[in-house]
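# Topology and contacts: notes
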Amino acid sequence: MAKKDTGSVENLVIVESPAKAKTIEKYLGKDYLVKSSYGHIRDLSKTDFGVDIENNYKPDYIISKDKKEVVKELKSLAKKAKTVWLASDEDREGEAIAWHLYEVLGLNDEKTRRIVFHEITKDAILNAIANPRKIDFNLVNAQQARRVLDRLVGFELSPVLWRKVKPSLSAGRVQSVAVRLIVEREREIFAFEPKDSFKVTALFTVENEKGEKQEIKAELSRRFETYEETLKFVSSCNSVDFVVSKVDKKPVTKSPAPPFTTSTLQQEAGRKLGFSVAQTMSIAQKLYEAGNITYMRTDSVNLANVAMKSISGLIAGKMGSEYVKTRKYKTKAKGAQEAHEAIRPTYMDKETISGSAAEQKLYNLIWKRTIASQMSNAKLEKTIITIDAGNTGESFVATGEVIKFDGFLRVYIESTDQEQEGNDEDTKGLLPAVDPGQQLALEQCEARQRWTQKPPRYSEASLVRRLEELGIGRPSTYAPTISTIQQRGYVVKEDRPGVERKYKYVQYRNGDVVEGEKSEITGAERSKLFPTDIGMVVNDFLVKYFPDIVSYDFTAKVEKEFDDIAEGKLEWDAAIDEFYKPFHNKVEDTLEKSSKSTGERILGKDPETGKTVLVRIGRFGPMAQLGDSQEDGEGEKPKFASLQKAQHIETITLEEALELFKLPRKLGEFEGKTVTIGIGRFGPYIRHDNKFTSLRKGEDDPYTINLETAIERIKEKREADIKKIIRVFDEEPELKLLNGRWGPYISYKGKNFRIPKSVDAENLTAEQCMEYVEKGSKGTKTKKKSTAKKSSAKKSTKKK
C-alpha cells in the first residue's frame with residue numbers, strides 16, 4: 001500500500017496501473033509515493049467527432065467520468081510534490097498517457113521528470129530515476145494521429161453503413177482490413193474444388209546382423225491420378241523385386257527461433273497453449289506488472305547484453321558449455337518500433353514463478369524460448385533411401401532423421417500453423433542400415449484415395465502473422481483489432497465439426513489384393529475465424545466504395561506515416577489532412593449516389609407458388625424471402641425466414657432456402673393447446689401456451705422433431721423452472737428469488753438484480769430484496785444517462 005498523504009510529498013511517481021505501482025513501490029524508498037492513473041485519464045469527446053477539423057484537426061479531449069476522482073487526487077498530490085515522475089509505459093500509448101497527465105495536472109518542466117524502463121526490476125527503476133528525460137512529443141503526436149484518424153474514419157463511415165447496409169453497424173480502419181483478409185480466405189474456400197489422387201505407402205523389412213527384422217516405411221515418389229492405374233500397380237507388387245537403388249546421408253543443422261516479440265508470443269501461445277490473442281496480452285501484462293518479464297508490447301528481437309551474459313552462464317551451468325551459442329538477433333518487421341528489447345524473463349535464473357496456472361504456462365513458454373535462442377544449433381543426420389519397384393519404373397522413398405546433438409531442441413521446439421493431411425503418418429525416425437543393391441521384403445503395400453487440401457482458415461495466431469507480414473498494425477493494435485471484429489459481429493471464432501467422407505483403398509498383403517471403401521471425418525475446424533454474412537456484405541460495400549480504406553498497401557502506408565511521425569520526420573496534422581479531405585468527399589459522394597447494399601441473391605422460383613426466392617441481410621441478420629410486393633399484389637406480404645447458423649447467403653441453395661419456409665409447423669396438441677416448432681433470432685424453439693422452450697443443440701432437428709419429443713422438452717423446461725425458483729413473496733407478487741447460471745439473483749418487474757456472493761439468498765426477506773432492487777435501479781439510471789449522452793453525440797455527428 002502507498003503511504004497516506006500527510007502533507008508535502010517529496011516525490012510523486014505516477015504509473016498507469018495499480019499492479020505496476022505496487023511492484024515499483026517495493027524498489028523505491030519512503031521518499032517516493034507511487035500512484036496509478038488507471039490507464040488514460042482523458043479521451044476524445046464524442047461531440048462533433050471530438051476533432052476540430054477546421055483548426056488543423058485539433059483534438060477535443062475530455063476527462064473520462066470514471067477518472068474524475070483519480071484526477072482530483074493526483075492534482076492535489078502533484079501540487080504538494082517537489083518532483084513528479086511520469087513513469088507510464090515506454091511505447092506511444094504510454095508516452096501519450098504521460099503527456100495527458102502533464103497537461104491535466106498542470107505540471108511544468110521544472111518539477112516534472114519522464115522516466116521509462118522495459119522491465120520492472122530494482123536496477124531498471126533506479127537507473128531510470130538516475131536518467132530522466134522530457135516527454136517525447138514525436139511519440140505523443142504519432143499516438144494522437146492514430147487516434148484522430150481512427151475516430152474520423154469510424155465516425156464518418158458508420159453512418160454510411162447505417163443508411164446503406166443495416167442500422168447499428170460500425171467500421172474501423174485496421175479492423176476493416178482484417179475482416180477483408182478473412183472474407184477473401186473464406187471465398188477462396190467456397191471456390192475451392194478438391195482434386196483426388198492415390199497415395200501409395202509400403203512397409204518393407206530387412207534383417208540386421210543379428211537376424212532381427214527391422215521395418216522401413218516408405219512412400220511412392222508420385223501419386224496416381226486414377227483408380228485403375230493404382231490397382232494395376234498394387235496388384236503387380238506380388239511379382240516385383242524391391243531393391244535399394246540409392247542411400248543418401250547428409251548432415252542437417254537446425255537453428256533456434258529468436259526471442260519473442262508481441263506477435264510471435266501471441267502466435268505461439270495460441271498454438272501451444274490455446275490462448276486467444278487478448279488472453280495472451282492480458283496474462284503478459286500481469287507478468288510484466290509483477291516484475292516477471294520485460295515489456296510485452298515490442299517488435300524487437302534484441303536482447304540486452306547483461307541478459308545474454310546471464311543466459312549463457314545459466315546454460316553452461318545446467319547443460320555444459322557445448323550448449324552455449326550467443327546470438328544477436330536483428331529485427332526484420334516492417335516499421336519496427338515500440339520497446340527496444342524482446343520479451344524475456346527479467347531474471348533468467350527464475351525458471352518458475354508463483355501465480356495462476358495460465359501465468360505460469362505463459363512464463364514457462366517465454367523462459368524456454370529465451371533460453372533456446374542462446375543455445376547451440378541442433379545437429380541431425382538425414383537419411384534418404386530410394387527403393388526401386390522392379391521394372392515398373394516406380395520407386396519408393398523412405399526418409400529418416402536422427403539427432404546427433406540436440407542443442408536447443410533439448411529445451412524448445414517451435415510450433416507451426418501448417419495443417420497435416422488426414423491419416424498421414426510421420427515416417428521420420430531412425431532407419432535400418434541398408435546398402436545399394438540390397439533386396440527388401442515387402443510386407444504390405446496400401447494405396448489410399450487422398451484429396452488436395454483447401455486453403456486453411458485463419459486462426460487468431462495466423463491472422464496476426466499475416467497482418468505483420470503486410471505491415472498492418474503494430475504490437476499494441478493486434479489484440480484490440482481481433483477482439484473488435486468479433487465484438488461487432490463481422491467475424492466469429494468457433495469450432496466446427498467435420499463431415500464424413502468415403503475413400504477408396506487397395507491393399508496388398510501376404511500375396512492377396514484387397515479392394516474396398518472406408519470413411520473418415522474431414523474438414524473439422526478448431527478455434528478458427530469465420531466471416532459472418534453481415535461481415536461479408538459490409539466488406540463488399542467498403543471494397544466497392546472505399547477501396548483505399550481496405551487496401552493492404554494503403555493501410556501499411558498509413559502505418560509507415562505513423563512511424564515517420566514518431567521519428568519526427570512528418571507533421572501529424574499534415575498527414576491527417578492528406579488523408580481526410582479526399583476521404584470526406586468520398587463519404588459525401590457515396591451517401592448521395594450509392595444504392596442500398598444487402599447482399600441480395602436471387603435463388604430461383606418456388607415450384608409450388610412460382611414466387612421468387614431470394615436471400616439478403618434483413619433487420620435481424622441474414623434471411624430468406626419468398627415473394628415480393630410486386631408478385632404478391634396488394635394485401636399479401638412476402639414470407640421471411642432466418643438463415644440457420646451454418647448457412648451462408650453466398651452458398652445456400654434454392655432447396656435449402658425452401659426448407660426454411662416449412663417453419664413454423666404445428667405438431668399437434670398438448671393439454672388442449674397447440675404445440676408449434678419455429679426458428680427465431682436465438683435459434684429453434686417449441687411454442688406452447690405462449691411459452692417458449694429451446695430445442696436441444698445437436699440433438700433436436702426443428703424439421704423432423706415429433707410431438708412426443710416436443711412434450712418431453714416442455715416438461716423438462718417446467719421442471720427446470722421449478723428448480724430455478726428459490727422463493728416468491730405474497731406481499732410482492734412480481735418479486736422473485738431465482739437460481740441462475742452464476743448463482744442466485746432477484747427478478748422484479750421483468751428486470752434482474754444481482755445479490756452479493758457473501759449473502760445467504762434463501763433467507764432474504766422481501767424488504768431486503770427490495771433494498772437490492774433500489775440499489776440496482778440507481779446504477780441503471782446512471783448508465784441510462786450516460787447512454788443518452790452518447791446517443792445525443794451520435795445525433796450531432798450525423799448533423800455534422
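To be clear, the structure that these remarks concern was listed above.
Residues numbered from 1 in each chain as written. Predicted model: local features only at pLDDT ≥ 70, side-chain atom pairs only at ≥ 80, totals over all residues. Heavy atoms only, no water.

### Details of the sheet that holds strand β22 (residues 639–642)
What counts, and what does not: Strands were regarded as paired on the criterion that DSSP finds at least two bridges between them. Per the convention used, a helix needs a DSSP run of H or I reaching at least four residues, while a strand needs a run of E reaching at least two, with both numbered from the N terminus. Helix axes are fitted to C-alpha atoms over the stretch in contact, other axes to C-alpha atoms as well, and angles between N-to-C directions run from 0 to 180 degrees.
Taken together, the four strands give an open sheet; going across it, the order is β19-β20-β21-β22, and neighbouring strands pair in antiparallel fashion. Each having just a single partner strand, β19 (601–605) and β22 make up the two edges of the open sheet. The average angle at which neighbouring strand axes cross in this sheet is 25°, direction not considered. Relative to β22, strand β21 (residues 621–626) runs antiparallel, the two sharing four bridges. Along β22, the bridge assignment pairs leucine 626 with lysine 639.

### Brief notes about the pairing of strand β9 (residues 196–207)
In regular strands, side chains alternate between the two faces of the sheet. Pairing between β9 and strand β14 (residues 439–451): ten bridges, direction antiparallel. Residue pairing for β14: lysine 199 is matched across the bridge by arginine 448. Here β9 folds back onto strand β10 (residues 213–220) in antiparallel fashion, the turn holding five residues, of which glycine 211 has a positive phi close to 80°.

### Looking at the side chain of serine 373
Rules: A contact between two residues is defined here by any heavy atoms of the two lying within 4.5 Å.
Note that serine 373 resides in helix α11 (residues 357–373). Non-local contacts of serine 373, meaning those with residues more than four positions away in its chain, are made with Pro256, Ala257, Pro258, Pro259, Leu303, Lys325, Arg327 and Tyr329.

### Digging into helix α9 (residues 277–289)
Filter applied, for reference: Under the convention used throughout, the expected extent of a helix is 1.5 Å for every residue step, that is, one less than its residue count. Working definition: with a 1.4 Å probe on protein chains only, accessible area under 20% of the residue-type maximum means buried, over 50% means exposed, and in between means partly exposed.
For α9, built from 13 residues, the straight-helix expectation of 18 Å at 1.5 Å per residue is met to within 8% by its first-to-last C-alpha distance of 18 Å. Within the span of α9, buried status applies to Val277, Thr280, Met281, Ile283, Ala284, Gln285, Leu287, Tyr288 and Glu289. Where α9 is buried, its residues meet α1 (18–27), α8 (262–273), α11, α12 (460–469) and α13 (478–487). Residue glycine 291 follows α9 closely and has a positive phi angle near 80°.

### Some words on the packing of helix α6 (residues 173–191) against helix α15 (residues 552–566)
For clarity, the cut-off: Note: crossing handedness is left-handed where the near helix turns anticlockwise from the far helix by less than a right angle, and right-handed where it turns clockwise. Here the term charged refers only to Asp, Glu, Lys and Arg, the term nonpolar to Ala, Val, Leu, Ile, Met, Phe, Trp, Tyr, Cys and Pro, and the term polar to all other amino acids, Gly among them.
The interhelical angle for the contact between α6 and α15, taken along N-to-C directions, is 150°, at an axis separation of 10 Å. Our pair here, α6 against α15, has a crossing hand that is left-handed. Two secondary-structure elements touch here, α6 through Arg173, Val174, Val177, Arg180, Leu181 and Glu184 and α15 through Tyr552, Thr555, Val558, Glu559 and Phe562. Its residues placed into classes, the contact of α6 with α15 shows six nonpolar, one polar and four charged.

### Regarding the packing of aromatic side chains
Applied cut-off: Only the six-membered ring of Trp is used, alongside the rings of Phe and Tyr, when aromatic pairs are assigned; centres must lie within 6.5 Å, and planes under 30 degrees apart are stacked while those over 60 apart are edge-to-face, with the rest tilted.
Counted under the stated rule, the structure contains 17 aromatic pairs. For the ring pair phenylalanine 49 and phenylalanine 155, a centre distance of 6.0 Å and an interplane angle of 85° mean the geometry is edge-to-face. On the criterion of sequence distance, the pair formed by phenylalanine 49 in the loop between β3 (42–44) and β4 (51–52) and phenylalanine 155 in helix α5 (residues 137–164) is long-range, its members being 106 residues apart. Given the relative accessible area of 3%, phenylalanine 49 is considered buried. Judged by its relative accessible area of 22%, phenylalanine 155 falls in the partly exposed class.

### Focus: the pattern of salt bridges
Our working definition: Criterion for a salt bridge: a side-chain nitrogen of Lys or Arg within 4 Å of a carboxyl oxygen of Asp or Glu.
The final tally for this structure, using the stated rule, is 56 salt bridges. Between lysine 213 and glutamate 443 there is a salt bridge, and its shortest N-O distance comes to 3.8 Å. Taken as a pair, lysine 213 in strand β10 and glutamate 443 in strand β14 lie far apart in primary sequence, 230 residues in all. On the basis of relative accessibility, which here comes to 59%, the residue lysine 213 falls in the exposed class. Glutamate 443 gets classed as partly exposed once you look at its relative accessible area, which sits at 27%. Measuring nitrogen to oxygen at the nearest pair gives 3.1 Å for the salt bridge that ties lysine 318 to glutamate 351. In this pair, lysine 318 sits in helix α10 (residues 305–319) while glutamate 351 sits in the loop between α10 and α11, placing the two residues 33 residues apart along the sequence. Judged by relative accessible area, which is 47%, lysine 318 ranks as partly exposed.

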